[in-house]
Amino acid sequence: MAVVGAFARIDLADPQAVRDRLAEIAGITLFDLDDPGKVGLVIEADDLDRAHAKLCAEIERVSGVLGVWPVYAHDESDSSNTGHQVHC
């Protein structure tokens, strides 16, 4: 199991619609941030490759998402647990 934490900058024209579209993606949990133009995301997937694919192929392409920045990655199957860089 891989877990990636990310921030997404979203369009403020209709932020709730963007949040709703993001919430429809399987394996994504949203959380609020202090900045109304950003939303926090927890991405869960079987491994980091699938989490990366979800980030780049699904989340970044949601209408109203202006950009996504991963800030944390953990892969339970990685015995080194030294941290990972995840980017598109």
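Draft legend 1. Representation of a negative patch on the surface within the structure. Where like charges cluster on the molecular surface, the negative patch consists of D11, D14, D20 and E24. With respect to the helices and strands, D11 occurs in the loop between β1 (2-10) and α1 (15-23).

Draft legend 2. How the structure looks around the pattern of salt bridges. Inspection of every chain in the model, using the stated rule, returns four salt bridges. Here R19 and D32 are joined by a salt bridge, their closest N and O atoms 2.8 Å apart. Of this pair, R19 sits in helix α1 while D32 is found in strand β2 (residues 28-32), placing the two residues 13 residues apart along the sequence. Of the charged contacts, one joins K54 and E58 as a salt bridge, the two residues approaching to 3.7 Å between their closest N and O atoms. Taken together, the residues K54 and E58, both in helix α2 (residues 48-59) and four residues apart, mark about one turn of the helix. Note on K54: relative accessible area 12%, which makes it buried. Of the residues examined, E58 reaches a relative accessible area of 35% and is grouped as partly exposed. Sharing partners across several salt bridges, the network here consists of D46, D47 and R50.

Rules used in this analysis
- Residues numbered from 1 in each chain as written.
- Predicted model: local features only at pLDDT ≥ 70, side-chain atom pairs only at ≥ 80, totals over all residues.
- Heavy atoms only, no water.
- Patch = residues over 30% accessible without salt bridge, like charges linked within 9 Å, V, L, I, M, F, W, Y side chains within 5 Å.
- Areas by Shrake-Rupley, 256 points an atom, 1.4 Å probe, with all protein chains shown as cover.
- Salt bridge = Lys/Arg side-chain N within 4 Å of Asp/Glu carboxyl O.
- Lys, Arg positive; Asp, Glu negative; His and termini not counted.
- Charge placed at Lys NZ, Arg CZ, Asp CG, Glu CD.
- Helix = DSSP H or I, 4+ residues; strand = E, 2+ residues; numbered from the N terminus.
- Buried < 20%, exposed > 50% of the residue type's maximum accessible area, 1.4 Å probe, protein only.

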